[in-house]
Amino acid sequence: LGFQVELFWLGEKSPALTRKRLAQVLQARGIAGVVLLPFNTAQDLSDFDFTSLSVVQMDHCLLAPRLHTVLPEHYMSMRAALGELFRRGYRRIGLCLEERKDARLRYKWTAGYESFARDHPSGVTTPPLLRPELTPREVVRWYRQNRPDVVVGHLPSIIDWLHAAGVGRSRAIGFFNLNLTESPRPCAGFDLGPRRLAAAAIETVVAMLHRQEQGVPAYPQTITIEAEWVDGPTLVQHPLSGL
């Protein structure tokens, strides 16, 4: 589209820029379009001056203010994944998440999981394991209590923890990764489509620039893109597949 892209880090320690310094740099360089990439935890930027900027945030990365947003469709993607796992024969689906990963997405992972459970009252899902930080001890205890045949989460090392504790070896335990970008090994899971999301964010900002739409919007809009299922070695052919 003929624009240049420049990356800035926001924070209190160098080489990141403080909020005040970032505002000064954007103004001095005549930068009018901004895409806010996700923060590790949601930030409050209500004291940042967005008046002269066309801004889109990736994910719900801000507590305030409310801006136009581009993000994966976490809720419907979760339901689609669980439906596919069920179609492939899995009948004890377990969810393991660090709480901050769900909270940053406004709890859409667990919302999709729990709504799927309501649609399948026959015990297809198990009580999810949600902790500030997942540990081998907690995961093993949760597994022994619920005996899932497939685990949905972000850490493929969960299967290693179970095997190291001597549980789950009598039958293959499947694993489905909610974000393959973070996976250190081949897995079945979601390609959240970072390139597609980035393209949508850039196109939105450019359109705002053309319309001279600046500042915090009165009616924030959200663009969501469903994740793409990717097969991998962590799911096996289940004997109930196709039922």
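Before reading further, recall that the structure is shown in the block above.
Residues numbered from 1 in each chain as written. Predicted model: local features only at pLDDT ≥ 70, side-chain atom pairs only at ≥ 80, totals over all residues. Heavy atoms only, no water.

Here we look at the pattern of salt bridges
Taken as a whole and assessed by the stated rule, the structure comprises 13 salt bridges. The salt bridge partner of Arg 29 is Glu 6, with a shortest N-O separation of 2.2 Å. Highlighted residues: Arg 29 in the loop between α1 (19-28) and β1 (33-36) and Glu 6 in the segment before α1, separated in sequence by 23 residues. Between Arg 79 and Asp 119 there is a salt bridge, and its shortest N-O distance comes to 2.6 Å. (Salt bridge = Lys/Arg side-chain N within 4 Å of Asp/Glu carboxyl O. Helix = DSSP H or I, 4+ residues; strand = E, 2+ residues; numbered from the N terminus.)

Observations regarding the sheet that holds strand β7 (residues 129-131)
With respect to topology, 6 strands assemble into an open sheet ordered β7-β6-β8-β9-β10-β12, the strand pairing being mixed. The open sheet has two edge strands with one neighbour each: β7 and β12 (228-230). Neighbouring strand axes in the sheet, compared pairwise and without regard to direction, differ in orientation by 20° on average. Taken together, the 3 bridges between strand β6 (residues 93-98) and β7 define a ladder with parallel strand orientation. (Pairing = 2+ DSSP bridges. Axes fitted to C-alpha atoms, helices over the stretch in contact; angles between N-to-C directions.)

What about the packing of aromatic side chains?
Tallied over the entire structure, the rule returns 4 aromatic pairs. Between the aromatic rings of Trp 109 and Phe 190, the centroid separation amounts to 6.4 Å while the plane-to-plane angle is 10°, which identifies the pairing as stacked. Within this pair, whereas Trp 109 is found in helix α4 (residues 108-119), its partner Phe 190 is found in strand β10 (residues 188-191), the two being separated by 81 residues in sequence. For the pair shown, Trp 109 and Phe 190 are each scored as buried. Pairwise contacts between aromatic rings join Trp 109, Phe 176, Phe 190 and Trp 229 into one cluster. The ring of Phe 86 carries the charged tip of Arg 91 above its face, separated from the ring centre by 3.8 Å. (Phe/Tyr/Trp six-rings, centres within 6.5 Å; stacked < 30°, edge-to-face > 60°. Buried < 20%, exposed > 50% of the residue type's maximum accessible area, 1.4 Å probe, protein only. Lys NZ or Arg CZ within 6 Å of the ring centre and 35° of its normal.)

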